[in-house]
Protein chains: 2
Amino acid sequence: MNAVVFGFPGNELLVNSISDALNAERGIITIHRFPDEESLVRIEANFAGKEIVVVATLDHPDNKILPLYFLCKKLKAEGAKTLTLIAPYLAYMRQDKSFHLGEIVSSDYFAALLSSFVDRLITVDPHLHRHHSLREIFTIPCHVVHSSSAISSWIRDKVDNPVLIGPDSESRQWVSQVASEIHAPYVILNKERLSDRSVKISFPDAEKYKSFTPVIMDDIISTAHTMIETIHHLKEVNLKPTVCIGVHALFVENAYEQLIHTAANMIATCNTIPHSSNKINVHELIIQELRDTIV
Amino acid sequence: MNAVVFGFPGNELLVNSISDALNAERGIITIHRFPDEESLVRIEANFAGKEIVVVATLDHPDNKILPLYFLCKKLKAEGAKTLTLIAPYLAYMRQDKSFHLGEIVSSDYFAALLSSFVDRLITVDPHLHRHHSLREIFTIPCHVVHSSSAISSWIRDKVDNPVLIGPDSESRQWVSQVASEIHAPYVILNKERLSDRSVKISFPDAEKYKSFTPVIMDDIISTAHTMIETIHHLKEVNLKPTVCIGVHALFVENAYEQLIHTAANMIATCNTIPHSSNKINVHELIIQELRDTIV
């Protein structure tokens, strides 16, 4: 393929896999941050007239958006044929509603901004809740890679007799899909907020799953509060030690250490955001989507 | 004036002055940063059909650009008549050239991005070096406020018998203007770089200025290296203790402490970036420009 792949720092594994799989040139890119926090982007490649792939997972997005904008504008100005952004994690999708008066719905404007400077987007399981499709907020073609087959295959390999647990109703979409792929039972917990600090989780059929390994699944693990609360509850109802699976390993502040501290049996995430918990490989799925998209 | 003024955090003094001077409503804005470093902007104001002024000085620009974009897009979407951005300090103007092969000229793309979501810009003495006018890179009307009259007036009040010193040729534009306004002599130093770590500064007529108070002037004080080197040189040639003036008090890392440590007689900056060294008030000049522009 007559393509050049540029990767933001931290995305080297995926860049190398893409380059190997598609026989694409690796573009050299360095991003320097000056002491005044301006960014300087430098690139080396012969890319005029070529398909360009930029790999930049978008956790901690505010600091990445300007260098990404500079890079993409330059590539297009210098004659890139098409510019595909691979953002395995897509930021701002949870801000899809004005939760309080006057709040700006960031998801929509973030999508508009990305749409203004890339030609197409490939991402993995974006957090779609109130928006049903990226098409509602992006004006460029968006290709969504689903991690469920990779997660299913990992559970099949690693977990005996699993029961999938969705910590809340939003997680039903991920949990039910994986459960059906591995022919395992699943339970969506019901969270009732009693006050600011107290949540009541109910799991009426716990007795039924005593011999199963509980596997909690969610799309984004950020503060890990939901996971931790859920693990505590599963302990209270005497289930076996819990396996935790997240698609996107955001793990803000010391969330990962806190989650380990709850004595989760195992924590596994997909490699959409580089993290030591990455055990589930979705890079092949991304490459397949890229192959289908730009060839 | 039928205007509403929104200020980014840190710009309260200028917002209040504008609001008082123009009898404009203060829009309430809060910017929250989540632990995953996404921003949430919330605004309260009745602004449809009104002139909107957004005050956001743009030091440390990368973290500010997304909330600024969200805010401006929302204001326009909700019916703001015109949107004026007041950025007393304008970032990225020093990156006006590809200094090494492959470096992206950020100034041009930064200007293009701002031009895409505000209607006009007011700024104070942008660092124009290779670009001669903001018109070369912005596609919106740009109004430049010159700090020289405020600086001249401050020097007249505070400094006896000044000689203005420009540390390098780039500073000539600021230094010569102020010198002519206060009828003082000025000297532009000649910096010759001998190696990475050694600079030779020559000041042939030093003897002539023994009775004067040297006033070093520059537009941006960032690392303060240039100021510090220059002060050391003025000491070597036995001039009186030096007054340092900068338009924009960037002062990265511990630059301010280092500059104080050189025993500068006095350090004064304009209030384009809030800093404890702000002694020269340019807010009235900005308000005058705003008055001329949007009435």
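Residues numbered from 1 in each chain as written. Chains lettered and ligands numbered in written order. Predicted model: local features only at pLDDT ≥ 70, side-chain atom pairs only at ≥ 80, totals over all residues. Heavy atoms only, no water.

Caption draft 1: Highlighting helix α8 (residues 283-294) of chain B. All names here are of chain B. The terminal C-alpha atoms of α8, which comprises 12 residues, lie 16 Å apart, in line with the 16 Å expected from a rise of 1.5 Å per residue. Among all positions in α8, only His283, Ile286, Ile287, Leu290, Thr293 and Ile294 are buried. The buried side chains of α8 occupy one side of the element, clustering within an arc of 125° when seen end-on. For α8, the exposed residues set more than 90 degrees away from the buried face come down to Glu284 and Asp292. Residues of α8 that are buried make contact with α1 (12-22), β5 (51-55), β6 (82-87), β7 (120-124) and β8 (142-145). (Helix = DSSP H or I, 4+ residues; strand = E, 2+ residues; numbered from the N terminus. Expected span 1.5 Å × (residues − 1). Buried < 20%, exposed > 50% of the residue type's maximum accessible area, 1.4 Å probe, protein only. Arc of directions from axis to C-beta. Contact = heavy atoms within 4.5 Å.)

Caption draft 2: Inspection of the nonpolar core at higher detail. In this structure, Phe110 of chain A together with Phe110 of chain B are the most contacted members of the largest nonpolar core, which totals 90 residues. Apart from the residues lying within four places of it in its own chain, the contact partners of Phe110 of chain B are Leu66 and Phe70 of chain A together with Leu58, Pro61, Ile65, Leu90, Ala91, Tyr92 and Met93 of chain B. (Core = buried A, V, L, I, M, F, W, Y, C linked by side-chain atoms within 4.5 Å.)

Caption draft 3: Spotlight on the environment of His225 of chain B. Mapped onto the secondary structure, His225 of chain B falls in helix α6 (residues 225-236). Residue class for His225 of chain B comes out partly exposed when judged on its relative accessible area of 47%.

Caption draft 4: Unusual backbone geometry, seen in detail. Residue and element names in this part refer to chain B. You will see that Glu37, though not glycine, has its phi angle at about 70°, which is positive. With respect to the helices and strands, Glu37 occurs in the loop between β3 (28-33) and β4 (39-44). A residue is classified by how much of its surface remains accessible, and Glu37, at 31% relative accessible area, is partly exposed. For Glu253, which is not a glycine, the phi torsion comes out positive at approximately 45°.

Caption draft 5: The arrangement of the interface of chain A and chain B in detail. Every contact between the two is made by 43 residues of chain A and, on the other side, 42 residues of chain B. Taking both sides of the interface into account, the surface hidden between chain A and chain B amounts to around 4,000 Å²; carbon and sulfur atoms contribute 60%. Counting every contact that joins chain A to chain B gives 4 salt bridges. Across the salt bridge formed by Asp62 of chain A and Arg33 of chain B, the nearest N and O atoms sit 2.9 Å from each other. The interface formed by chain A and chain B includes 20 residue pairs in polar contact (both at pLDDT 80 or more). Mapped onto the side of chain A that touches chain B, the elements with two or more residues apiece are β4 (39-44), α2 (65-77) and α3 (106-117) of chain A. In terms of residue class, the side of chain A that touches chain B is made up of 24 nonpolar, 8 polar and 11 charged. (Buried area = accessible area lost by both parts, 1.4 Å probe. Salt bridge = Lys/Arg side-chain N within 4 Å of Asp/Glu carboxyl O. Polar contact = N/O pair within 3.5 Å; in protein donor to acceptor, adjacent residues only side chain to side chain. Nonpolar A, V, L, I, M, F, W, Y, C, P; charged D, E, K, R; others polar.)

Caption draft 6: Quick peek at the domain arrangement of chain A. Residue and element names in this part refer to chain A. Partitioning chain A into domains gives domain 1 (3-147 + 282-294) and domain 2 (148-271). Centre-to-centre, using C-alpha coordinates, domain 1 lies 29 Å away from domain 2. Facing 15 residues of domain 1, the contacting portion of domain 2 comprises 15 residues. In total, about 1,400 Å² of surface goes out of reach between domain 1 and domain 2, with carbon and sulfur atoms giving 54% of it. By the criterion of area lost to domain 2, the three top residues of domain 1 are Tyr89, His127 and Ser147, representing 37% of everything that side buries. For the interface between domain 1 and domain 2, the tally reads 0 salt bridges. Where domain 1 touches domain 2, the interface holds 11 residue pairs in polar contact (both at pLDDT 80 or more). For the side of domain 1 that touches domain 2, the residue count by class is 7 nonpolar, 5 polar and 3 charged. (Domains from an automatic or database assignment.)

Caption draft 7: How the structure looks around α3 of chain A. Over its 12 residues, α3 of chain A runs 17 Å from end to end, which matches the ideal 16 Å to within 8%, given 1.5 Å per residue. With respect to burial, α3 of chain A is a largely interior element, 9 of its 12 residues being buried. Those residues of α3 of chain A not exposed but buried are Ser106, Ser107, Tyr109, Phe110, Ala111, Leu113, Leu114, Ser115 and Phe117 of chain A. Buried positions along α3 of chain A lie against α2 and β6 (82-87) of chain A together with β4, α2 (62-77) and α3 (106-117) of chain B.

Caption draft 8: Up close: the side chain of Glu38 of chain A. Here Glu38 of chain A is to be found in the loop between β3 (28-33) and β4. No salt bridge is formed by the buried Glu38 of chain A. Its closest oppositely charged neighbour is Arg94 of chain B, at 4.6 Å. A polar side-chain atom of Glu38 of chain A sits 2.7 Å from the main-chain amide nitrogen of Tyr92 of chain B. A distance of 3.3 Å separates polar atoms of two side chains, one belonging to Glu38 of chain A and the other to Gln95 of chain B. Ignoring any residue separated from it by four or fewer positions in sequence, one finds Glu38 of chain A in contact with His32 and Arg33 of chain A together with Pro61, Asp62, Tyr89, Ala91, Tyr92 and Gln95 of chain B. (Lys, Arg positive; Asp, Glu negative; His and termini not counted.)

Caption draft 9: Representation of the environment of Lys200 of chain B within the structure. All names here are of chain B. Tracing the backbone shows Lys200 in strand β12 (residues 199-202). Since its relative accessible area comes to 46%, Lys200 is described here as partly exposed. A C-alpha to C-alpha distance of 9.2 Å links Lys200 and His233, two positions 33 residues apart in sequence. Not counting chain neighbours up to four residues away, the residues in contact with Lys200 comprise Asn190, Lys191, Glu192 and Leu194.

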